[in-house]
Amino acid sequence: MEGCGNDYVYVDTMLYPISDPSSLAVVVSRRHTGIGGDGLVLIGKPTMAGADFSMRIFNADGSEAMMCGNASRCVGKYLYEKRLTTQKLIRLQTRSGVRALRLSVDPVSDVVTAVTVDMGRPSFASPSLFVPSLMERDQAGVFVSMGNPHYVVFVDSADTFDVATMGSRLEQHPAFPERCNIEFAEVRRDGIRMRVWERGSGITMACGTGACATLVAAVKTLLASRRNTVVMDGGCLEIEWSETTDHVYMTGPAVFVFEGDIEINDKL
């Protein structure tokens, strides 16, 4: 499945338990010798009170992520269209807590056309994730945690910026003890153009939490309003940072690409 080009391989672990998801993520994510994708997502039963289902995300390098907005929308579509739930409000357990998914469903086809995710409150100070005193002046940006760490750098032209060089350098910067997702953003009249280097995956077509962090950073620096369109390589997301709740809401599509079977050894 993919959301704005952010593609993952999804496994329903209620049917197919996976013993070593980190190793499997590396195998299936390879685009030339595997299925190909930005990582692996496991859909399962919750272990937290107040959740209906759970989601675990493993990056292409096997590391486990805290949260993924694009993946959570895809999970919502999967659960509804595979008839694992009839609810249009799903509470999804992630490593960042329980997130509420509101499904927009076509009344004729009964197909999920969009999903709005309550991404919670952003935070700006987290000593375990960001040590600002270690960041050089020429690498100035805005740190935003959306359940996972993001560093948003505003540039003159997101389209021509060398995302690979600077993104890989900043991801591993000493200021980020657990590494970091890096966004390069340009505020335009028709929205915010953003490109992303994802922790553990490199350049990806889109990042839902990154889009949320970018909008929040733009508001904090007085560059944009609280509701805006974030334009990524793979598509657009509508992001709102509510003054009433202080929560960030993300709305966008989710798409099935294909389904199939893969044989894996007993160790995976």
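Going by the structure above, here's the rest.
A brief report on the enclosed structure follows. Residues take numbers from 1 onward in each chain, read along the sequence in its written order. In view of the model being predicted, local features appear only for residues whose pLDDT reaches at least 70, and side-chain atom pairs are presented and counted only at 80 or more, with totals across whole chains, interfaces and linings using the full set of residues. In computing side-chain properties, one takes all heavy atoms of the structure into account and sets aside hydrogens as well as water.

A run of H or I in DSSP counts as a helix once it spans at least four residues, and a run of E counts as a strand once it spans at least two, with each numbered from the N terminus. Secondary structure assignment for the protein yields 4 helices and 17 strands. A compact globule built from 268 residues should have a C-alpha radius of gyration of about 18 Å, and the protein, at 18 Å, falls within 12% of that. Taken along its principal axes, the extent of the C-alpha atoms in the protein is 50 × 40 × 35 Å. Expressed as a percentage of its 268 residues, the buried residues of the protein come to 54%. It only takes one pair of heavy atoms within 4.5 Å for two residues to be counted as in contact. Within the protein, contacts between residues at least 6 apart in sequence are counted, and of these 61% link residues at least 24 apart. Surface accessibility follows the Shrake-Rupley procedure with a 1.4 Å probe radius. Residue values consider only the protein chains on display as shielding. About 12400 Å² of surface is accessible on the protein, with carbon and sulfur atoms providing 50% of the total. Charge centroids of the protein, computed over 26 positive and 32 negative side chains, lie 4 Å from each other. Here the globule rule is a power law, 2.2 Å times the number of residues to the power 0.38, and the radius of gyration is based on C-alpha atoms. Only protein chains enter the accessibility calculation, which uses a 1.4 Å probe; a residue whose area is less than 20% of its type maximum is buried, one above 50% is exposed, and one in between is partly exposed. Here the positive residues are Lys and Arg and the negative ones are Asp and Glu; neither His nor the chain ends is included. Just so you know, the charge point we use is NZ for Lys, CZ for Arg, CG for Asp and CD for Glu.

Both cavities and pockets are sets of points on a 1 Å grid over the protein atoms alone; in a cavity a 1.4 Å probe fits but cannot get out, in a pocket the set is open with protein on both sides within 12 Å along at least five of seven lines, and lining residues sit with an atom within 4 Å of a point. Grid points are joined across faces, edges and corners, and a volume is the space filled by probe spheres set on the points. The full count for this structure, using the stated rule, is 1 cavity of 30 Å³ or more. Of the volumes computed, that of the largest cavity is approximately 100 Å³. What lines the largest cavity is a set of 13 residues, among which Ala65, Met67, Asn148, Asn181 and Glu198 lie closest to the centre. Taken together, the residues of the lining of the largest cavity sort by class into 5 nonpolar, 6 polar and 2 charged. All residues other than Ala, Val, Leu, Ile, Met, Phe, Trp, Tyr, Cys, Pro, Asp, Glu, Lys and Arg, Gly among them, are scored as polar; the first ten of these are nonpolar and the last four charged.

Now for the environment of glycine 260. The residue glycine 260 is located in the segment after strand 17 (248-252) in this model. Along the backbone, glycine 260 and isoleucine 35 are 225 residues apart, and their C-alpha atoms lie at a distance of 9.9 Å.

Any empty space left between the atoms is revealed when a probe the size of a water molecule rolls over them. Of the voids in this model, the largest pocket is the one considered here, and its volume is about 800 Å³. When contributions to the lining of the largest pocket are tallied by element, the ones reaching two or more residues are strand 3 (9-12) and helix 1 (21-29). Partitioning the lining of the largest pocket into residue classes produces 19 nonpolar, 2 polar and 5 charged.

Turning our attention to the pairing of strand 7 (residues 89-94). Pairing of strand 5 (residues 53-59) with strand 7 involves 2 bridges; the strand directions are parallel. The residue bridging phenylalanine 53 from the neighbouring strand is leucine 92, located in strand 7. By definition, two strands form a pair when at least two bridges between them are found by DSSP. The pairing of strand 7 with strand 8 (residues 97-105) spans 6 bridges and is classified as antiparallel. What sits directly across from leucine 89, in strand 8, is arginine 102. With antiparallel pairing between neighbouring strands as the criterion, strand 7 and strand 8 make up a hairpin whose turn holds 2 residues.

What follows covers the pattern of salt bridges. Every case where a carboxyl oxygen of Asp or Glu lies within 4 Å of a side-chain nitrogen of Lys or Arg is listed as a salt bridge. Here the structure, examined in full by the defined rule, presents 13 salt bridges. With a closest N to O distance of 3.6 Å, aspartate 61 and arginine 179 form a salt bridge. With aspartate 61 in the loop between strand 5 and strand 6 (64-65) and arginine 179 in the loop between helix 3 (163-171) and strand 12 (181-188), the pair connects residues that are 118 residues apart, well separated along the chain. A residue is classified by how much of its surface remains accessible, and aspartate 61, at 38% relative accessible area, is partly exposed. Overall, arginine 179 belongs to the partly exposed group, its relative accessible area being 23%. Ionic pairing is found between arginine 193 and aspartate 159, a salt bridge with its closest N-O pair at 2.8 Å. Here arginine 193, found in strand 13 (residues 191-198), pairs with aspartate 159, found in the loop between strand 11 (149-154) and helix 3; they are 34 residues apart in sequence, far enough to count as distant. Judged by relative accessible area, which is 42%, aspartate 159 ranks as partly exposed. Salt bridges sharing common partners tie together Asp159, Glu186, Arg188, Arg193, Arg195 and Asp233.

Right, let's get into helix 1. For helix 1, every residue scored as buried is listed here: Pro21, Leu24, Ala25, Val28 and Ser29. Taken end-on, helix 1 shows its buried residues confined to a sector of 115°, consistent with a single buried face. Elements in contact with the buried residues of helix 1: strand 3, strand 4 (39-44) and strand 5. Working definition: the arc comes from the directions between the helix axis and the C-beta atoms, pointing outward to the latter.

What follows concerns helix 2 (residues 69-81). An expected span of 1.5 Å times one less than the residue number is assigned to each helix. Here helix 2 is 13 residues long and its end C-alpha atoms lie 19 Å apart, about the 18 Å a rise of 1.5 Å per residue gives. All of the buried residues in helix 2 are Gly69, Asn70, Ala71, Ser72, Arg73, Cys74, Val75, Gly76, Lys77, Tyr78, Leu79 and Tyr80. One or two steps after helix 2, the chain reaches arginine 83, where phi turns positive at roughly 65°.

For threonine 229, the location among the structural elements is in strand 15 (residues 227-232). Not counting residues within four places of it along the chain, the set of residues in contact with threonine 229 comprises Asp190, Gly191, Ile192, Cys236, Leu237 and Glu238.

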